[in-house]
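# Secondary and tertiary structure notes
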Amino acid sequence: MLANKNLSTCLPFSFSLTAHKLYPVRIRLVNIEGEIEWFTVAYVPVVKTLKEANAQERARVRRANVLQRVLYLVFRTAIAASHKGIEVPLGGGQTALAFLRVLLYICDQPEERAILCFKSGGTAHPCSCCTVATKDMVSSAGLSAEDRDVVQTLDKQLEAADIVHHGDDRRRQMVLESHESIHSAMPALASFAGLSTPPLLLYKMVGFDVLHVRFFAPFESDSSASDTSQLALPSRPPTLASNVSACLRVSLARVDFLLGFLQVLDAGVTKMLVRRLMRIFAFVCKGSKPKHKNRAALARAAFRRLGFLGRRSQARRVAPGYVTSWNGLQAGRACVCEAYVHLPVRMSVH
Amino acid sequence: METEIASLLEFSRVPADDQPPSHRGKRRKTSETGDVPLPTGFNYTNHSAHIRGFFEDKEDWQRSEAMVEKRKRAAPGRFDSYKLQEIERFALQTSRGGLSQRELDALYDLISVIEGTKEGMPHDEGQDVPVTHTFQSAEAFKKAVSDDLDDAVLQAGWRSCAMEEGGVKFKAFFRPALDLILALLRTRTVRLWSGDDKPAPPSDQRETPMQGDAFRLCEAEVDKLPGRNCVLGLHIFSDSCQLSWSGGMLSLSFVS
């Protein structure tokens, strides 16, 4: 018989030929030394919207529940091990207890909301990490928004899920959902130790991949926003010139919404965003030395990545090795909005 | 681990005293039995137990089964020589759309293996045995490939689970992550701490995930527990926008 390792490399290939529409979930153990390896652990069924009354809502609920149930099946024993620990031999007859912890969940933004059981659009609190109100996202008030409280939010999610399970007090359920922008479902991964227990990383574990969020592409290639400080100033200053950081956040929050609703951006739309953002880099990065000597050079560098995406962005069809350069995401991100602001800085550090 | 999960269900929750009111909507009634029995409510000791109890009550794991079923008189492992293994690998990796340039390379390699002329190839006892002697018909060949594939799926721990959600049935495929992690711990070189044999002191370095804030925070928490403890960090990648599409054009059956 073939060595199991050799044959098992053929397995995903075999699965892809069956008559199912599925998407894979892969994991990686960061403690492994040497080459980065990703392993497929699940194929989640794609849930279609059927022709029925209230079809969109029902499909959404089905989609969320199927995802949570499959995730729980995959990590069922790993969750138990995350609390109890597993014995690892150290040599010399000694052992250590190893505790599993989820450090990073790479996905796109719609899936982030599904994983955490948050409402995905038109909500009072659109950010998964902080409690910024929708109206404040376009003002400097958004900068002082508090982080989401993991324990408190989970309390309400579990209460709402229990209400759905028991089928009573619909009014209370709706109040909980609308007040916290949550769905009445249980986030399966929250049962992992370290996410709902200290250090409470549940809302900080999600990271966006380059090709999941097309907006990052321009920053990825020019390596830092600070490179643009010597560009010609725009003819008209930003609306909130007194608070440049807030201004950047305003622009990016809008992009965030765009991504949330459309998910896939046309290359044309992305280019337009790049050109608009370049105009405020000069304010944001004042005093820094630019890498590219003029705006045209910067745009060229920024669009280089887009050349690989084609007219309409598509996900790659190979294992996700391309996230390896994103070590900046390993610590999770502080906030949807802040991640956009700080990521270029982080990348320049690396 | 199963015992731990069972004990969790037993000891981390008690039935709630304040059961929800008996009034229920029209949809919860059936014509034959009247009221549908109300699910039992529980009080849990913590969030994690609550979530795990909720999903354990769905009994998805108990309903899951091995992904494929071995056929009667299955005989995996008949590709027992280097030559036969190469043929099997070729049979599994050839697509229906014709051979690409890369596949032509593979075919050439295969031919050179069959002829015994490939550079550096091992020469075992099966080298001189004709393939048609080992598999006397095309059917026997197909079954042997299928058996090997089923065997590999089972060895990798893949399972399938049928689940119903909102009146629609779905089938998911999965393998327990812990089994995979334990296998990796056995077969790979693993670094358990961010430092040499203990958590590293704080630094500004951020070159590997083990130097990340998340890992260090978890390490600090785990270090508070008695004994020698370490953290195994997981990254999860969900490619929800990439569908493994086929449309069922090629019938590759796992079950004979």
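### What to know about the overall build of chain B
From N to C terminus, chain B includes nine helices and eight strands. Looking at the 256 residues of chain B, the share that counts as buried comes to 39%. Counting contacts in chain B only where the partners sit at least 6 residues apart, residues at least 24 apart contribute 58% of the total. Of the roughly 14800 Å² of accessible surface on chain B, a fraction of 51% belongs to carbon and sulfur atoms.

### Re the side chain of glutamate 180 of chain A
The residue glutamate 180 of chain A is located in helix α6 (residues 170–180) in this model. Here histidine 179 of chain A takes part through its side chain, which lies 3.2 Å from a polar atom of the side chain of glutamate 180 of chain A.

### Quick word on a positive patch on the surface
On the surface, Lys291, Lys293, Arg300 and Arg304 of chain A cluster together into a positively charged patch. As for its placement among the helices and strands, arginine 300 of chain A is situated in helix α10 (residues 295–304).

### Remarks on the environment of glutamine 109 of chain A
Residue and element names in this part refer to chain A. Take glutamine 109: it is sitting in helix α4 (residues 109–115). A residue is classified by how much of its surface remains accessible, and glutamine 109, at 7% relative accessible area, is buried. In the structure, glutamine 109 is positioned 11 residues away from serine 120 in sequence and 8.7 Å away in space, judged by C-alpha atoms.

### A closer look at the side chain of asparagine 31 of chain A
Structurally, the position occupied by asparagine 31 of chain A is in the loop between β1 (22–29) and β2 (39–45). A polar contact is formed between the side chain of asparagine 31 of chain A and the backbone nitrogen of glycine 233 of chain B, at a distance of 2.9 Å. Once residues lying within four places of it in the same chain are set aside, the contact partners of asparagine 31 of chain A are Thr189, Val190, Arg191, Leu192, Met210, Phe215, Val231, Leu232 and Gly233 of chain B.

### Some thoughts on the packing of aromatic side chains
Scanning all chains against the criterion turns up 11 aromatic pairs over all chains. Where tryptophan 38 of chain A meets phenylalanine 237 of chain B, the ring centres are 5.8 Å apart and the plane angle is 70°; that geometry is what we call edge-to-face. In this pair, tryptophan 38 of chain A is assigned in the loop between β1 and β2 and phenylalanine 237 of chain B in strand β8 (residues 229–238), connecting two distinct chains. Given the relative accessible area of 0%, phenylalanine 237 of chain B is considered buried. Arranged with centres 5.8 Å apart and planes meeting at 70°, the rings of phenylalanine 79 of chain B and phenylalanine 141 of chain B form a pair that is edge-to-face. Separated by 62 residues along the polypeptide, phenylalanine 79 of chain B in the loop between β5 (65–66) and α4 (82–93) and phenylalanine 141 of chain B in helix α7 (residues 138–155) bring together distant segments of the chain. Judged by its relative accessible area of 0%, phenylalanine 79 of chain B is buried. One aromatic cluster is present, built from ring pairs that chain together Tyr72 of chain A together with Phe54 and Phe55 of chain B. Seen from the ring of phenylalanine 118 of chain A, arginine 148 of chain A lies directly overhead, with NZ or CZ sitting 4.1 Å from the centre. When the ring centre of tryptophan 61 of chain B is taken as origin, the NZ or CZ atom of arginine 159 of chain B, which lies over that ring, is 4.8 Å away.

### Things to note about the confidence of the model for chain B
Residues and elements named next belong to chain B. When pLDDT is averaged along chain B, the result is 82; 83% of the residues meet or exceed 70. Confidence drops under pLDDT 50 across residues 242–256; counting only partners more than four residues distant or on other chains, this segment forms 41 contacts. The ipTM, which scores confidence in the relative placement of chains, is 0.73 for this predicted complex, and the corresponding pTM is 0.68.

### So, unusual backbone geometry
All names here are of chain A. Backbone torsion omega between proline 198 and proline 199 reads 10°, so that peptide bond is classified as cis. A positive phi angle, close to 60°, is found at cysteine 117, a residue other than glycine. Along the chain, cysteine 117 falls in the loop between α4 and α5 (150–166). Accessibility expressed as a relative area gives 2% for cysteine 117, which makes it buried.

### Focus on the confidence of the model for chain A
Residues and elements named next belong to chain A. Residues at a pLDDT of 70 or more form 62% of chain A, whose mean pLDDT is 68. Long-range and interchain partners of residues 211–266, a stretch whose pLDDT sits below 50, account for 163 contacts in this model, where long-range means more than four residues apart. Here residues 310–350 is modelled with pLDDT under 50, and outside its nearest four sequence neighbours on either side it reaches 102 contacts, counting other chains as well.

### Quick notes on helix α2 (residues 47–57) of chain B
Among the 11 residues in α2 of chain B, 10 count as buried, and that is most of the element. Looking only at α2 of chain B, the buried set comprises His47, Ser48, Ala49, His50, Ile51, Arg52, Gly53, Phe54, Phe55 and Glu56 of chain B. Summarising the contacts, the buried residues of α2 of chain B are in contact with α3 (55–84) and α5 of chain A together with α1 (2–11), β1 (13–15), β4 (42–44) and α3 (60–63) of chain B. The N-cap of α2 of chain B, judged by a side-chain oxygen 3.2 Å from the amide nitrogen of serine 48 of chain B a few residues on, is asparagine 46 of chain B. Following α2 of chain B by one or two positions, glutamate 59 of chain B adopts a phi angle in the positive range, close to 55°.

### Here's the deal with the packing of α4 of chain B against helix α5 (residues 101–114) of chain B
Residue and element names in this part refer to chain B. At their nearest, the axes of α4 and α5 sit 9 Å apart, and the two run at 160° to each other. With respect to their mutual orientation, α4 and α5 come out roughly antiparallel. For the pair α4 and α5, the sense of crossing is left-handed. Taken together, the residues of α5 that come into contact with α4 (itself represented by Tyr82, Lys83, Glu86, Ile87, Phe90 and Gln93) are Glu103, Leu107, Leu110, Val113 and Ile114. Each residue belonging to the contact of α4 with α5 can be placed in one class, and the counts come to seven nonpolar, one polar and three charged.

### What about the pairing of β2 of chain A?
With seven of seven residues buried, β2 of chain A is to be regarded as a mostly interior element. In the sheet, β2 of chain A pairs with strand β7 (residues 168–174) of chain B via two bridges, with the strands oriented antiparallel. Residue pairing in the sheet places alanine 42 of chain A in a bridge with phenylalanine 174 of chain B of β7 of chain B.

The rules behind the values
Every chain is numbered on its own, with residues counted from 1 as its sequence reads. Chains and ligands are labelled by the order in which they are written, letters from A for the one and numbers from 1 for the other. Owing to the predicted nature of the model, reporting of local features is limited to residues with pLDDT of at least 70; listing and counting of side-chain atom pairs is limited to 80 or more, with chain, interface and lining totals taken over all residues. To obtain the side-chain values, all non-hydrogen atoms of the structure were used and water was disregarded. Secondary structure counts use DSSP, requiring at least four H or I residues in a row for a helix and at least two E residues in a row for a strand, with both numbered from the N terminus. Buried, partly exposed and exposed residues are distinguished by accessible area as a fraction of the type maximum, computed with a 1.4 Å probe on protein chains only: under 20%, between the cut-offs, and over 50%, respectively. Every residue pair with non-hydrogen atoms within 4.5 Å of one another is taken to be in contact. Areas reported here follow the Shrake-Rupley algorithm with a probe of radius 1.4 Å; residue values treat only the protein chains shown as occluding. The term polar contact refers here to a pair of N or O atoms within 3.5 Å; inside protein, the definition further demands a hydrogen-donor-capable atom paired with an acceptor-capable atom, and it admits residues adjacent in sequence only when both atoms are side-chain atoms. Patch building starts from residues that exceed 30% relative accessible area and form no salt bridge, then joins like charges within 9 Å and nonpolar side chains (Val, Leu, Ile, Met, Phe, Trp, Tyr) within 5 Å. Throughout this description, the term salt bridge denotes a Lys or Arg side-chain nitrogen within 4 Å of a carboxyl oxygen of Asp or Glu. We score Asp and Glu as negative and Lys and Arg as positive, and we do not count His or the chain ends. Note on charges: their place is set at NZ of Lys, CZ of Arg, CG of Asp or CD of Glu. Each Phe, Tyr or Trp ring, with Trp reduced to its six-membered ring, pairs with another whose centre is within 6.5 Å; inter-plane angles below 30 degrees give stacked pairs, above 60 give edge-to-face pairs, and intermediate values give tilted ones. Sitting over a ring, as applied to charges here, requires NZ of Lys or CZ of Arg to be within 6 Å of the ring centre and within 35 degrees of the ring normal. pLDDT: the predictor's confidence for each residue, scored from 0 to 100. Structural elements are reduced to axes, namely lines fitted to C-alpha atoms, with helices fitted over the stretch in contact, and the angle between N-to-C directions of any two is expressed from 0 to 180 degrees. By the definition adopted for this analysis, an angle is roughly parallel if under 35 degrees, roughly antiparallel if over 145, roughly perpendicular if from 65 to 115, and oblique otherwise. Two helices that cross are described as forming a left-handed crossing if the nearer one is turned anticlockwise from the farther one by less than a right angle, and a right-handed crossing if clockwise. Residue polarity is assigned by list, with Asp, Glu, Lys and Arg as charged and Ala, Val, Leu, Ile, Met, Phe, Trp, Tyr, Cys and Pro as nonpolar; anything else, Gly included, falls into the polar class. DSSP bridges decide pairing: two strands pair if at least two such bridges lie between them.

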